[in-house]
There are 2 protein chains.
Amino acid sequence: MKTINFVTSNLLKLQQVQAILRNNTTFKLVHHPLELPELQASLDEIAINKCITAATIIGDAVLVEDTAFTFNSLNGLPGPYIKTFIQQIGLEGLVRILSDFEDKTAVATSTFAYTEGPNQPVKLFTGTMNGTITQSSNMPENQTNWQSIFQPEGYHINYAMMEEDQKNKISHRYKALMLLIDYLTHSTI
Amino acid sequence: MKTINFVTSNLLKLQQVQAILRNNTTFKLVHHPLELPELQASLDEIAINKCITAATIIGDAVLVEDTAFTFNSLNGLPGPYIKTFIQQIGLEGLVRILSDFEDKTAVATSTFAYTEGPNQPVKLFTGTMNGTITQSSNMPENQTNWQSIFQPEGYHINYAMMEEDQKNKISHRYKALMLLIDYLTHSTI
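Rules behind the numbers
- Residues numbered from 1 in each chain as written.
- Chains lettered and ligands numbered in written order.
- Predicted model: local features only at pLDDT ≥ 70, side-chain atom pairs only at ≥ 80, totals over all residues.
- Heavy atoms only, no water.
- Helix = DSSP H or I, 4+ residues; strand = E, 2+ residues; numbered from the N terminus.
- Rg over C-alpha atoms; globule rule 2.2 N^0.38 Å.
- Contact = heavy atoms within 4.5 Å.
- Areas by Shrake-Rupley, 256 points an atom, 1.4 Å probe, with all protein chains shown as cover.
- Lys, Arg positive; Asp, Glu negative; His and termini not counted.
- Charge placed at Lys NZ, Arg CZ, Asp CG, Glu CD.
- Least-squares fit on C-alpha atoms with pLDDT ≥ 70 in both.
- Buried area = accessible area lost by both parts, 1.4 Å probe.
- Salt bridge = Lys/Arg side-chain N within 4 Å of Asp/Glu carboxyl O.
- Nonpolar A, V, L, I, M, F, W, Y, C, P; charged D, E, K, R; others polar.
- Buried < 20%, exposed > 50% of the residue type's maximum accessible area, 1.4 Å probe, protein only.
- Polar contact = N/O pair within 3.5 Å; in protein donor to acceptor, adjacent residues only side chain to side chain.
- Expected span 1.5 Å × (residues − 1).
- Bend = angle between axes of the 7 residues up to and from the residue.

A. The overall build of chain A, seen in detail. When you go through chain A residue by residue, the secondary structure sums to 5 helices and 7 strands. Reading the helices (α) and strands (β) of chain A from amino to carboxyl end gives β-α-β-α-β-β-α-β-β-β-α-α. What you see for chain A is a C-alpha radius of gyration of 17 Å, in line with the 16 Å of a compact globule of 189 residues. Viewed in the frame of its principal axes, chain A has a C-alpha envelope of about 50 × 35 × 25 Å. Here the contacts in chain A between residues at least 6 apart in sequence split such that 64% fall between residues at least 24 apart. Carbon and sulfur atoms form 48% of the exposed surface of chain A, whose accessible area is close to 9100 Å². Of the charged side chains in chain A, 13 are positive and 18 negative, and the gap between their average positions amounts to 6 Å.

B. View of the relation of the copies chain B and chain A. In the superposition of chain B on chain A (RMSD 0.0 Å, axial shift 0.0 Å), the rotation amounts to 180°. Classification of the inter-copy transformation places it as that of a two-fold axis. The overlap is high: 100% of the interface residues of chain B also sit at the interface in chain A, so the same surface is used on both sides.

C. Quick peek at the interface of chain B and chain A. Contacts between chain B and chain A engage 21 residues on the former and 21 residues on the latter. For the chain B and chain A pair, buried surface summed over both sides reaches about 2100 Å², with 58% attributable to carbon and sulfur atoms. Across the chain B-chain A interface, the total number found is 2 salt bridges. With 6 residues, helix α3 (residues 82-96) of chain B is the largest single contributor of residues to the side of chain B that touches chain A. Looking at the side of chain B that touches chain A residue by residue, the class counts come to 11 nonpolar, 7 polar and 3 charged.

D. Quick peek at the environment of Y114 of chain A. Residues and elements named next belong to chain A. Relative to the elements of secondary structure, Y114 occurs in strand β5 (residues 105-115). Taking relative accessible area as the criterion, Y114 reaches 2% and is therefore assigned buried. Here the alpha-carbon distance between Y114 and V64, two residues 50 residues apart in the chain, equals 6.7 Å. Side chain to side chain, Y114 and E116 meet in a polar contact 2.6 Å long.

E. Broad picture of the pattern of salt bridges. With the rule as written, the count across this model stands at 18 salt bridges over all chains. Residue E116 of chain A pairs with K2 of chain A through a salt bridge whose shortest N-O separation is 3.5 Å. Taken together, the residues span a long stretch of sequence, with E116 of chain A in the loop between β5 and β6 (122-133) and K2 of chain A in strand β1 (residues 2-7) at a distance of 114 residues. By relative accessible area, which is 27% here, E116 of chain A ends up partly exposed. K50 of chain B is paired through a salt bridge with D66 of chain B; the nearest N and O atoms lie 3.3 Å apart. Of this pair, K50 of chain B sits in helix α2 (residues 43-58) while D66 of chain B sits in strand β3 (residues 62-71); the two residues are 16 residues apart in sequence, bridging distant segments of the chain. The pair formed by K50 of chain B and D66 of chain B is uniform in burial state, with each residue classed as buried. Here the residues in one salt-bridge network are K13, E65 and R173 of chain A, joined through shared partners.

F. Here's a closer look at α3 of chain B. In a regular helix each residue adds 1.5 Å, so 15 residues correspond to 21 Å; α3 of chain B covers only 15 Å between its end C-alpha atoms and thus falls short of that length. The principal kink in α3 of chain B, of about 100°, is found at I89 of chain B. Those residues of α3 of chain B not exposed but buried are I82, T84, F85, I86, I89, G90, L91, G93, L94 and V95 of chain B. The inward-facing, buried residues of α3 of chain B abut α3 (82-96) of chain A together with β3, β4 (78-79) and β6 (122-133) of chain B.

G. Representation of unusual backbone geometry in the model. For the bond running from L77 of chain A to P78 of chain A, omega is -10°, close enough to zero to count as cis. Position of P78 of chain A among the secondary structure elements: in strand β4 (residues 78-79).

Written out as C-alpha cells, the structure is:
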C-alpha cells in the first residue's frame with residue numbers, strides 16, 4: 001500500500017482525517033507533526049506553498065490540509081485567517097462582527113494539497129459545506145472551535161454538536177478526502 | 001553617504017517615505033520594487049521575515065516596512081491583514097464590522113525592519129498613532145485607503161484629509177523613520 005506523509009501540527013485535524021480514512025485501503029498515512037509557515041494568500045495558495053515546503057523537508061510524497069471559514073457578508077473573510085480571528089476575538093466576536101449584516105450564511109472549506117515529492121506538481125482537492133452562523137445559547141465560554149457557531153445546511157444542530165461519525169460522512173473535510181482517494185485510486189502510481 | 005536598499009512594491013509608500021526623508025543626510029535610499037511574500041504572523045514577525053528574504057535577494061543592507069491597522073474592540077484585528085480586509089469588504093465593511101462595539105478607537109502602526117545584509121541581525125523601528133474610526137459623510141466610493149476612516153487623536157479631520165506635509169510630521173510612519181534615522185546616525189557604521 002502506498003505511503004503518504006501527512007504534515008500537520010494540529011492533532012485534532014490528524015484524528016479527524018484518520019477517522020474519515022478508517023476504511024481506506026488506497027494509502028497509508030504517516031504523520032509528521034511539523035508546524036509550517038502560512039502565507040497571507042488565498043486558501044489554495046497557502047496550501048500549495050505549505051505542500052511544496054513540506055515536500056522539500058520530507059523529501060517524499062506529502063499531503064497537507066488547510067481550512068477556510070468564509071462569511072458571505074464579509075466577501076471571503078475570515079477565510080484562511082479564521083484561526084487568528086478566533087484567537088483575537090473569540091466566537092462571540094465572530095458573531096458580533098456580523099451584527100450589522102442580514103446575511104448570516106457561511107461556507108466551510110477544506111483543501112488538501114498533495115504532491116508526489118519535491119519538484120513535482122501539486123494537486124488540490126477541495127470540499128465545501130454551506131451553512132449559517134448561529135449563536136447557540138449553550139455556547140461554552142472560551143470555546144475556540146468555529147464549528148460551535150456553524151449550522152450546516154439541512155441540519156438543525158451545529159457542526160460541533162454532531163456525532164463525529166455522522167459529521168465525518170458529510171463534512172467539508174470528508175468531501176475533500178473522497179476526491180483525494182478517488183484520485184489516488186485511479187492514478188497509475 | 002550610506003546607501004540603503006528600500007524594498008517595496010507599494011509606490012505610495014515609497015513616495016511617502018521619500019517625502020519624510022527629504023532633509024535626511026544620514027543615508028540614501030535606493031528603491032527595489034520587489035513584491036515579497038508576507039506570512040500570517042504578527043507585524044514584527046512579518047517585517048523580520050520580509051527583511052531577511054529581501055537581504056538574501058539583494059545581498060546588501062535592506063529596509064522594508066509593514067503597516068498594521070488595529071481596532072481595539074477587535075483585539076488586534078485587522079492588524080497586518082488590513083490590506084485583505086479592505087480588498088474584501090472595503091471601508092464601509094470596516095465600519096460595519098464595528099457596529100456592535102462601542103469602542104471605536106484604533107491604532108495605526110508602522111514597523112521598519114532593517115538589516116546590514118544577509119545573515120546579519122534585523123533591527124525593528126516602530127511608530128504608532130492612536131485615533132478613532134469615523135465614517136466621513138464625504139467618503140468617496142471605492143475608496144481603498146483606511147486613512148479616510150481614521151481620525152488621529154487631537155485632530156478633527158481624518159488622516160486622508162490632512163495635508164501630506166502636515167501628516168508627514170506626525171504620522172506613525174514618520175515616528176518610525178525618526179527612530180531609524182536616530183539609530184543610523186548613532187551607530188558606528
